[in-house]
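An overview of the molecular structure
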Amino acid sequence: MLVQQILKSKGDGPVITIKASESIADAASILAERRIGGLIVSEDGKKVKGILSERDIVRSLALRGAVCLSETVSDLMTPNPVSCATSETADSALQKMTNGRFRHMPVIDEGVLVGIITIGDAVKARLEELAMEKDALQGMIMGH
Ligand code: AMP
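Residues numbered from 1 in each chain as written. Predicted model: local features only at pLDDT ≥ 70, side-chain atom pairs only at ≥ 80, totals over all residues. Heavy atoms only, no water.

1. A look at a nonpolar patch on the surface
On the surface, Leu137, Met140, Ile141 and Met142 cluster together to form a nonpolar patch covering roughly 520 Å² of accessible area. Mapped onto the fold, Leu137 is located in helix 6 (residues 119–142). (Patch = residues over 30% accessible without salt bridge, like charges linked within 9 Å, V, L, I, M, F, W, Y side chains within 5 Å. Areas by Shrake-Rupley, 256 points an atom, 1.4 Å probe, with all protein chains shown as cover. Salt bridge = Lys/Arg side-chain N within 4 Å of Asp/Glu carboxyl O. Helix = DSSP H or I, 4+ residues; strand = E, 2+ residues; numbered from the N terminus.)

2. Side note on helix 2 (residues 24–34)
Within helix 2 the residues assigned to the buried category are Ile24, Ala27 and Leu31. The buried side chains of helix 2 occupy one side of the element, clustering within an arc of 55° when seen end-on. Counted as exposed and oriented over 90 degrees from the buried face of helix 2: Ala32 and Glu33. Elements that come into contact with the buried residues of helix 2 comprise strand 1 (17–18), strand 2 (38–41), strand 3 (50–53), helix 3 (54–64) and helix 4 (73–76). Just beyond helix 2, the residue with positive phi is Arg35, at close to 55°. (Buried < 20%, exposed > 50% of the residue type's maximum accessible area, 1.4 Å probe, protein only. Arc of directions from axis to C-beta. Contact = heavy atoms within 4.5 Å.)

3. Re the site of the ligand
With respect to spatial proximity, 13 residues lie near the ligand, and among them Ser53, Asp56, Thr78, Arg103 and His104 are the closest. A distance of 2.4 Å separates an oxygen atom of the ligand from a polar side-chain atom of Asp56. In the model, an oxygen atom of the ligand is placed 2.7 Å from a nitrogen or oxygen of the His104 side chain. For the ligand, the accessible surface in isolation is 480 Å², of which the surrounding protein chains cover 91%. When atoms are counted within 2 Å of each cavity's grid points, the one that captures over half of the ligand is the second largest pocket. Only strand 3, helix 3 and strand 5 (104–109) provide two or more residues apiece to the shell around the ligand. Across the shell around the ligand, the residue classes tally to six nonpolar, three polar and four charged. (Near = heavy atom within 4 Å. Polar contact = N/O pair within 3.5 Å; in protein donor to acceptor, adjacent residues only side chain to side chain. 1 Å grid on protein atoms, 1.4 Å probe; cavity = no way out; pocket = protein on both sides within 12 Å on 5 of 7 lines; lining within 4 Å. Sits in = over half its atoms within 2 Å of the grid points. Nonpolar A, V, L, I, M, F, W, Y, C, P; charged D, E, K, R; others polar.)

Take a look at the structure:
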């Protein structure tokens, strides 16, 4: 299965982004309201500058306390995140996320942000693929 199909199955709502100059408090509100775990940092919704995950906020809160809430997204984000293209396989996306130990990945085609996938999306796609392969093999063995 391709990343393109994963994005399609998620529906085509816009990718939720935040500007680097916005506050961590605002980022936390968006994460809570939208019930998501990561925000793509972008000024124009097209070019990806970084990624801010709930983990970045939690880590900073534990280390430095509530003062981090008035800092900006650019202070805590991970710049230039690892990304994938719509033409990549779910397996390749899963491998990138597993190797890098992160759960979110922007999908970028020709320099433009087109979506975001999570490790949950990639695992779901792989499980569906494996179930189909199992059914096909079983069909071949049983002769139907
Ligand atoms: P996550 O597991 O996605 O919540 O993120 C764990 C850590 O990895 C946080 O510091 C994120 O900023 C960072 N991170 C998240 N996604 C990516 C990515 N695609 N590339 C690089 N770092 C990332």
